[in-house]
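# Commentary on secondary and tertiary structure
Each chain, written out:
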Amino acid sequence: MVCLLENLSNEIFYEIFDYLDGCELYHGFSNLNSRFHQLLNSPLLFYELKSHCTSNQFDECMRYINPNQIRSFNVSSELRIDKFFSSFNIDSSLHHLRSIFVENIKPETLSDLLTNCTHLPCLTSLNIMSYHQLLDLCQIYPLIFNLSTLKSLTVTSHEFKNSMALPYATESQQTSKIEHMNINHRVTFQELATIISYTPKLFRLEFLHEDEDDSTVELITPTQLSNITHISMTIMYLNYDDMDIFLHKLPSTLESFNFFVCEIDISYLDFSMWEELIKENFPQLKNFYFNYTATIPDEEEFIFTGCVLDQFVSPFWIARQWFNQIIIRQESIAITIKPHKKRWYECLTTHSKLNINESSLLSIQYTPEDQWLDVLYDEIEWVTDVATIYHLEMTGTFFIGVMGQIFNLLPDLHTFRISSITLPTVTLLTDDELEQFIDATTSNRITKVYLEKMNTFDDVLFLIDLFPRLESLQIGCKSDIDIELFLHVILIKINSKKSNLRLLAMRIPTADDHIVKKIQNLIDLTITRANDTIFLRL
């Protein structure tokens, strides 16, 4: 049975059109035939205008699209912003316009826009992003708070001028219906208190604080925060004592708490303090996201003195399924806590049960050049002084000599995930690397491994040799892999080595039932598939 495109109903086309950029939609279908011309001009169709279309497509839309069909406007070019405002009056003719996102808008254009937006009856979302223009936020915010239908607001500005202090809202000025506000520019607590005085219905708040000392925290009252159920705060350099005062002003009805801090103050890493704070102040808290990022100092000093991450593994944290992860980047180390999300090794079924007391994960998210390897080893030693690491993930391609050194620094590892590996074809192992490699082979306790990208079959053979206790192995394969040859090589290796490997998972982009059947014709094993991953129980 042949189904022609033109036989589809109008309703189906409207569903499809919802996924397309408005300018590309109009350009692609406007000249096909009279039916599509009627569809594109129907009051049942609404356009989402975005900035990734071509200039010609955008100009075409500005000439022909009906203003009452525009549902959202998302543009980051000054030229296109000016083109839009010269093509349409910002008034009630745009009565279906719900969302506006503008980036790099000129200050005078922004003021005119906000003044005229009071005529938009359906505007609920406003996102202003300015990286290069100097905005006067004390002028901008009052205009925003006059928008009677607005419910979601994001203001991003790296540079702004503060000509005068924004006054606190009087009772008659507390009319804003904003429920979600992201203040993505630096504010003091005094400025924060002033801004939220205009938003009595606010329950989701995000803000950025950059000052080291801020005694104005006393100006924020618990009443101003009483409706907050979700809060996300990024703190730069603020001393812990001032932060503690603010934390105790948050309401007991808090449900979600995102806390990002860039600081050397180790007080933020007192997890017994966080446990007590949450127990006593936030009994309804469901989600807790914590990120403490410290820049690596030039001198060789231990940056986590006094911190013990193993205290984090307690009945309180386990019951809430909030687990920690340590991330090493090129110039920083981050300690994070977040709600449990199923990790790759939990998808590999084995006879052993997952031990939630051994959940600490270390993620190395850069590949150092040879002259900086000692720095990486020092960073790992810093980590092992504060936490017992059971799971390791490494982003990038690592030489096997480096892997051996890292495994010896992390003797308690159970699982290991790596993007790809480099075997010693041209570059040979040094004597020290060879010794480290032999030690790692005999002493590591790793039972689950995930190689995201297999370059050659030898990569897998190497991993089987490196991990004598290996039970589950997941491999990322190319679409054109020779399945028959690969399985032949791997099974010979497993049998000759008398390996403990019991589960082989192959992630193949083109995996389907046909490939599963092909494998079943080759070997007599239990085979299953989940999306693009094929599991072989050995």
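Cut-offs used in this document
Residues numbered from 1 in each chain as written. Predicted model: local features only at pLDDT ≥ 70, side-chain atom pairs only at ≥ 80, totals over all residues. Heavy atoms only, no water. Helix = DSSP H or I, 4+ residues; strand = E, 2+ residues; numbered from the N terminus. Buried < 20%, exposed > 50% of the residue type's maximum accessible area, 1.4 Å probe, protein only. Contact = heavy atoms within 4.5 Å. Areas by Shrake-Rupley, 256 points an atom, 1.4 Å probe, with all protein chains shown as cover. Lys, Arg positive; Asp, Glu negative; His and termini not counted. Charge placed at Lys NZ, Arg CZ, Asp CG, Glu CD. Phe/Tyr/Trp six-rings, centres within 6.5 Å; stacked < 30°, edge-to-face > 60°. Pairing = 2+ DSSP bridges. Polar contact = N/O pair within 3.5 Å; in protein donor to acceptor, adjacent residues only side chain to side chain. Patch = residues over 30% accessible without salt bridge, like charges linked within 9 Å, V, L, I, M, F, W, Y side chains within 5 Å. Salt bridge = Lys/Arg side-chain N within 4 Å of Asp/Glu carboxyl O. Right-handed = clockwise from strand over helix to strand, strands pointing away. Axes fitted to C-alpha atoms, helices over the stretch in contact; angles between N-to-C directions. Parallel < 35°, antiparallel > 145°, perpendicular 65-115°, else oblique. Left-handed = near helix turned anticlockwise from the far one by under 90°. Nonpolar A, V, L, I, M, F, W, Y, C, P; charged D, E, K, R; others polar. Expected span 1.5 Å × (residues − 1). Arc of directions from axis to C-beta.

- Looking at an unreviewed UniProt entry, the protein chain carries the name F-box domain-containing protein, with the source organism given as Adineta ricciae.

## Comments concerning the overall build of the protein chain
- Counting secondary structure elements, the protein chain contains 17 helices and 22 strands.
- With the C-alpha coordinates aligned to their principal axes, the bounding extent of the protein chain is approximately 80 × 70 × 45 Å.
- Among the 538 residues that make up the protein chain, the fraction classed as buried is 50%.
- Of all intrachain contacts in the protein chain linking residues separated by at least 6 positions in sequence, the fraction that spans at least 24 positions is 74%.
- For the protein chain, the exposed surface amounts to about 26000 Å²; the carbon and sulfur share of it is 49%.
- Separation between the mean location of the 39 positive side-chain charges and that of the 71 negative ones in the protein chain comes to 12 Å.

## Regarding the packing of aromatic side chains
- Taken as a whole and assessed by the stated rule, the structure comprises 38 aromatic pairs.
- Ring geometry for Phe 207 against Phe 246: centres 5.7 Å apart, planes inclined by 75°, an arrangement best described as edge-to-face. Linking Phe 207 in strand β9 (residues 204-209) with Phe 246 in helix α9 (residues 240-247), this pair joins segments that are 39 residues apart in sequence. For the pair shown, Phe 207 and Phe 246 are each scored as buried.
- Through a chain of ring-to-ring contacts, three or more aromatic side chains come together here, namely Tyr 240, Phe 257, Phe 259, Tyr 268, Phe 271, Trp 274, Phe 282, Phe 288, Phe 290, Phe 316, Trp 317 and Trp 322.

## Things to note about the pairing of strand β8 (residues 180-186)
- Pairing geometry for strand β6 (residues 152-157) and β8, over 5 bridges, is parallel. Residue pairing across strands places Ser 152 opposite His 180, the latter belonging to β8.
- The pairing of β8 with β9 spans 5 bridges and is parallel. When the sheet's bridge partners are listed, Met 181 is paired in β9 with Leu 205.

## Re the environment of Glu 191
- Note that Glu 191 resides in helix α8 (residues 189-196).
- The exposure class assigned to Glu 191 is partly exposed, which follows from its relative accessible area of 27%.
- The sequence separation of Glu 191 and Asn 287 amounts to 96 residues, and the corresponding C-alpha distance is 27 Å.
- A distance of 2.9 Å separates the side chain of Glu 191 from the backbone nitrogen of Thr 188, its partner in a polar contact.

## A word on the side chain of Asn 444
- Among the structural elements, Asn 444 can be located in the loop between α14 (431-443) and β18 (448-451).
- Look past the residues within four positions of Asn 444 in its chain and what remains in contact with it is Leu 466, Phe 467, Pro 468 and Arg 469.

## Notes on a nonpolar patch on the surface
- A surface patch of nonpolar side chains, amounting to about 400 Å² of accessible area, comprises Ile 12, Ile 16, Tyr 19 and Leu 20.
- The residue Ile 16 is located in helix α1 (residues 10-17) in this model.
- Overall, the relative accessible area of 37% leaves Ile 16 in the partly exposed class.

## Some words on the pairing of strand β15 (residues 361-364)
- The two faces of β15 match: Leu 361 and Ser 363 on one face and Leu 362 and Ile 364 on the other face are all buried.
- Relative to β15, strand β13 (residues 322-328) runs parallel, the two being bridged by 4 bridges. Bridged to Ile 326 within β15 is Leu 362.
- Sheet analysis places β15 next to strand β16 (residues 391-399), joined by 4 bridges and oriented parallel. Bridge pairing in β16 links Ser 363 to Glu 393.
- In the classification by handedness, the crossover that spans β15, the intervening helix α12 (residues 373-386) and the parallel β16 is right-handed.

## Details of the packing of helix α15 (residues 457-466) against helix α16 (residues 483-497)
- At a minimum axis separation of 10 Å, α15 and α16 run at an interaxial angle of 20°. By the criterion of interaxial angle, the relationship of α15 to α16 is roughly parallel. As for the relative orientation of α15 and α16, their crossing is right-handed in sense. Within the contact between the two elements, α15 uses Phe 457, Val 460, Leu 461, Ile 464 and Asp 465 and α16 uses Leu 485, Phe 486, Val 489, Ile 490, Lys 493, Ile 494 and Lys 497.
- Its residues placed into classes, the contact of α15 with α16 shows 9 nonpolar, no polar and 3 charged.

## A look at α16
- An ideal rise of 1.5 Å per residue puts 21 Å on 15 residues; α16 measures up with 21 Å between its terminal C-alpha atoms.
- Taken as a whole, α16 has its buried residues at Ile 483, Phe 486, Leu 487, Ile 490, Lys 493 and Ile 494. Here the buried residues of α16 occupy an arc of 130° about the axis, which is enough to place them on one side. Counted as exposed and oriented over 90 degrees from the buried face of α16: Asn 495 and Ser 496.
- The elements touched by buried residues of α16 are α15, β20 (503-507), α17 (513-522) and β22 (533-537).
- One or two residues past the end of α16 sits Lys 498, with phi positive at roughly 55°.

## Overview of the environment of Gln 371
- For Gln 371, the location among the structural elements is in the loop between β15 and α12.
- Taking the C-alpha atoms as reference points, Gln 371 and Phe 282, separated by 89 residues in sequence, lie 47 Å from one another.
- At 2.8 Å, the side chain of Gln 371 and the side chain of Glu 369 are in polar contact.

## A closer look at the pattern of salt bridges
- What the rule picks out here adds up to 9 salt bridges.
- Note that Arg 507 and Asp 532 form a salt bridge whose closest N and O atoms lie 3.1 Å from each other. Of this pair, Arg 507 sits in strand β20 while Asp 532 sits in the loop between β21 (526-530) and β22, and the two are 25 residues apart along the sequence.
- Among the residues examined, Arg 507 registers a relative accessible area of 37% and is labelled partly exposed.
- Note on Asp 532: relative accessible area 23%, which makes it partly exposed.
- Salt bridges sharing common partners tie together Asp 18, Glu 48 and Arg 71.

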